[in-house]
Amino acid sequence: MTPPLETPRLFLRPIEFADAEQIQQLFPQWEIVRYLASRVPWPYPPDGAHSFLRDAALPAIERGELWQWTIRLKTDPARIVGAINLRKSDDENRGFWLVPSFQGQGLMTEACDAVTDFWFDVLQFPVLRAPKAIANVASRRISEKQGMRIIRTEERDYVSGRFLSEVWEITAEEWHARKR
Ligand SMILES: CC(C)(COP(=O)(O)OP(=O)(O)OC[C@H]1O[C@@H](n2cnc3c(N)ncnc32)[C@H](O)[C@@H]1OP(=O)(O)O)[C@@H](O)C(=O)NCCC(=O)NCCS
């Protein structure tokens with residue numbers, strides 16, 4: 001199950017069905033979805049958040065294949081500002097999005113550090129991998145800041161089309177060495 005996590009500025013709360021309404025209001029923005037995987041439906045349907053939670057996320061969480069949090073500022077914990085997840089998968093272990101007006105303050109780097117600790121220290125996976133479009137500069141920068149390495153370059157399909165992408169990786173050993 002997904003436990004609550006905390007960072008200096010953020011609460012990461014396990015996602016629940018009641019979050020669907022806020023997510024439906026926030027998530028369908030081009031700036032958020034354009035470099036997300038093409039399985040995200042676009043145009044986003046009016047029940048997109050509800051059906052994602054009911055049919056995909058919550059069952060995967062139940063099966064122990066997905067850990068998903070909403071992101072909230074400690075100064076305003078009722079309001080969702082983004083989401084982050086971890087999943088069992090060969091190459092797609094971590095995903096995230098943040099409402100544009102909250103970007104550029106280092107918030108997702110903070111959230112990524114907390115969930116990456118959880119991935120290696122609690123779930124004890126040996127490696128974390130995440131693909132990113134090369135054009136997604138902010139997301140790639142987070143990988144760089146976390147000490148990840150590029151292991152492969154390939155074309156991948158996103159909401160806004162097919163782009164050259166990199167698969168980034170860090171092992172548990174590298175993550176722990178970096179923190180020492
Ligand atoms: C990716 C995303 C979560 C980043 O959130 P954020 O809170 O702004 O990220 P941070 O502030 O922690 O770090 C972003 C880094 O990228 C840098 N950055 C952002 N835009 C940039 C740009 N256009 N050119 C160069 N650097 C850029 C920031 O300066 C920062 O690096 P720094 O700390 O060295 O200054 C946010 O942009 C987002 O939600 N994007 C849409 C969803 C998405 O693409 N998710 C990832 C799919 S792989």
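Scroll up for the structure.
Residues numbered from 1 in each chain as written. Predicted model: local features only at pLDDT ≥ 70, side-chain atom pairs only at ≥ 80, totals over all residues.

Asker: Quick question: what am I supposed to make of the pairing of strand E7 (residues 149–158) here?
Answerer: Regular strands place side chains that alternate from one sheet face to the opposite one. Little of E7 sits out of view: just one of its 10 residues are buried. Here E7 runs beside strand E8 (residues 161–171); their pairing, made up of nine bridges, is antiparallel. If you follow Ile150 over to E8, its bridge partner there is Trp168. From the end of E7 to the start of E8, which pair antiparallel, there are two residues. (Buried ≥ 20, exposed ≤ 12 C-beta atoms within 10 Å, placed from the backbone. Helix = DSSP H or I, 4+ residues; strand = E, 2+ residues; numbered from the N terminus. Pairing = 2+ DSSP bridges.)

Asker: What is the right way to read the site of the ligand from this model?
Answerer: For the ligand, the set of nearby residues contains 21 residues, the closest of which are Gln103, Met108, Thr109, Ala138 and Arg141. Where the shell around the ligand is concerned, the elements lending two or more residues are strand E5 (94–98), helix H4 (107–122) and helix H5 (137–145). Along the lines of polarity and charge, the residues of the shell around the ligand split into 11 nonpolar, seven polar and three charged. (Near = placed C-beta within 6 Å. Nonpolar A, V, L, I, M, F, W, Y, C, P; charged D, E, K, R; others polar.)

Asker: Would you mind showing me how to read the sheet that holds strand E4 (residues 82–87) here?
Answerer: Two modes of strand pairing occur in sheets, parallel and antiparallel, and in both the strands are linked by backbone hydrogen bonds. Reading across the sheet, the five strands line up as E1-E2-E3-E4-E5 and stay open at both edges, with antiparallel pairing between neighbours. Each edge of the open sheet carries a strand with a single partner, namely strand E1 (5–6) and E5. Relative to strand E3 (residues 66–73), strand E2 (residues 10–14) runs antiparallel, the two being bridged by five bridges. Residue Leu10 lies in a different strand from E3, and its bridge partner there is Leu73. The strands touched by H4 are E1, E2, E3, E4 and E5; relative to E5, the strand with the most contacts, the crossing angle is about 155°. (Contact = placed C-beta atoms within 7 Å. Axes fitted to C-alpha atoms, helices over the stretch in contact; angles between N-to-C directions.)

Asker: What is the right way to read the environment of Asn136 from this model?
Answerer: Structurally, the position occupied by Asn136 is in the loop between strand E6 (127–133) and H5. By C-beta crowding, Asn136 is classed as partly exposed, having 19 other C-beta atoms within 10 Å. Between the alpha carbons of Asn136 and Tyr35 there is a distance of 6.7 Å; along the sequence they are 101 residues apart.

Asker: Sorry, what's going on with the sheet that holds E6 here?
Answerer: As summarised here, the arrangement of the three strands in space is E6-E8-E7, forming an open sheet in which the pairing is antiparallel. In this open sheet, the two edge strands, each paired with only one partner strand, are E6 and E7. Within this sheet the neighbouring strands show an average axis-to-axis angle of 25°, counted without direction. Bridge count for E6 against E8 is seven bridges, and the pairing is antiparallel. Across the sheet, the residue bridging to Val127 is Thr171, located in E8.

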